[in-house]
Structure formats: structure tokens, C-alpha cells
Amino acid sequence: GVVGPPAVYAGSPGPPPPGSGLVMDADDVSVDPRTIVAWSRGLVVFWALLLSLVAWLIGIYQDKFELPILVVALGLASMVQGGLFAAFLLAWLPLNINGRGLVWAAPLSLLCVASLRFQEPWANVTMWVASGILLATWIGTSFTDPWRRNVRLLKTPILVAGCAVLMLISYFGNFAGEALAWPWWALVGGIVAFVWGYLLADKRIEEARGFPVEPIAP
């Protein structure tokens, strides 16, 4: 395969040496392209398993309360549609950011939508645990890049605010004692994913072009 011209962003020490087989990724770290592919495949498998688990649990919920299958199916689609549309907007609009913020904004969006539907005590506990996981992974991964560690850690309150919104929805998401209807879930999820995907992302300050194309070592 062939890798296109690498990019140089703010704080980067520069492009990788010619012939190294490395490229600059959106996090300012010279990485092997095979590592990027491996991470991409891993994330696909992770989200497939997670969404399958969610579908299975909701199937149990549907059987227990004898809900119409059509409503359940459309509701499941609405849970992820907002995040998908937000990902498209973040990539399409000229916002000059990378996609790192969406890694946390997408699950935050899914959790917010799930909180609109499930108001039981077990759901509240689940959201507390999920919020802790989001914050722990954000702080932990911020230390992996010395070039942007401080900037990313300074954005931790933004994610804390997102988790606070999640908990408010989890405890007070009912409107007049009724859960928000599923046609609104995509809108809510899209807003959450877009706002936090943008605020948590790394700014892409500068892009250098014209570097020679480097082949990927087999």
C-alpha cells in the first residue's frame, strides 16, 4: 500500500525520517501504519460487541415488558444515529480538528440516549460506572502524548461537564413522568456527540504538504 503525504501539526517535532515507513498521525506521534490499522480494526470489533450486548439486553427488556418489536427496533436505530451524524459533520465541516474527541463523545452520546429511556436505579448505577470509565480512560490516554498532554488534561473539566449532563438526564430525564419519545433520541445524541466531539478534539494548527510518498513495509 501507499501512504499519502504526512501532516505536521502544532507541537510536532517534524515529519518522520524518509525511508522510515512511518507517518504522522493526528495525535502528533510517528506511528507504524500497521498500528493504525490494528487499532481501527480493534475499535470496530469493540463497538460491534458492545452494540450487540446492548441489543441483547434490550431484547430481554422488550420480552419482559412485552413492548412492540417495531418500536424497539426503531428506538435502537435512534440510539446510534445521532452519533453517526455528528461524526459525519465533524469530519465534513472545516473545523480544523482531529477525531480524538469523538472517541469519548460517541459513547457519551449513547449513554445519554440510553438514560432517556431507562430511569431505573440500576441504570443510574450503570451511568455512574460508565462516567468513571470515560474519565479514567481520558486522563490515562492523555499522558501517552508528551506533546499535547497538558492541553488534553486541561480539557478534563469539559468531559466532567459531559458526565454531569449524563447524570442529570439519568436522574431527571423524565418529562411529566414519561420518557422522551424515541424520535427525539437521534437529535439529543447528535447534539451531545457533536458538541463534546468538537470540544474534546485536538486542534489541527498547521499542515505541511509536499513530503515524498513513503511505501509501507510489508
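Structure: above.
These figures come from a predicted structure and were not determined experimentally. (Residues numbered from 1 in each chain as written. Predicted model: local features only at pLDDT ≥ 70, side-chain atom pairs only at ≥ 80, totals over all residues. Heavy atoms only, no water.)

## Points about unusual backbone geometry
Alright, step 1. We note that Asn 96 has phi near 60°; this positive angle belongs to a residue other than glycine.
Alright, step 2. For Asn 96, a relative accessible area of 45% corresponds to the partly exposed category. (Buried < 20%, exposed > 50% of the residue type's maximum accessible area, 1.4 Å probe, protein only.)

## Side note on the nonpolar core
Alright, step 1. Ranked by internal contacts, the top residues of the largest apolar core, which has 28 residues, are Met 79, Leu 108 and Leu 166.
Alright, step 2. Breaking this core down by element, the ones donating at least two residues are helix 1 (33-65), helix 2 (69-92), helix 3 (100-117), helix 4 (121-142), helix 6 (156-172) and helix 7 (185-199).
Alright, step 3. Sequence-distant contacts of Leu 166, that is, excluding residues within four places in its chain, are made with Leu 108, Leu 111, Cys 112, Ser 115, Met 127 and Ser 131. (Core = buried A, V, L, I, M, F, W, Y, C linked by side-chain atoms within 4.5 Å. Helix = DSSP H or I, 4+ residues; strand = E, 2+ residues; numbered from the N terminus. Contact = heavy atoms within 4.5 Å.)

## Observations regarding the packing of helix 3 against helix 4
Alright, step 1. Interaxial distance between helix 3 and helix 4 falls to 11 Å at its minimum, and their mutual angle equals 175°. Relative to helix 4, helix 3 is oriented roughly antiparallel. Judged by residue contacts, Arg 100, Trp 104, Pro 107, Leu 108, Leu 111, Ala 114 and Ser 115 of helix 3 engage Met 127, Ala 130, Leu 134, Thr 137, Trp 138, Thr 141 and Ser 142 from helix 4.
Alright, step 2. Residue classes in the contact of helix 3 with helix 4 are distributed as nine nonpolar, four polar and one charged. (Axes fitted to C-alpha atoms, helices over the stretch in contact; angles between N-to-C directions. Parallel < 35°, antiparallel > 145°, perpendicular 65-115°, else oblique. Nonpolar A, V, L, I, M, F, W, Y, C, P; charged D, E, K, R; others polar.)

These results come straight from atomic positions and should not be treated as a statement about function.
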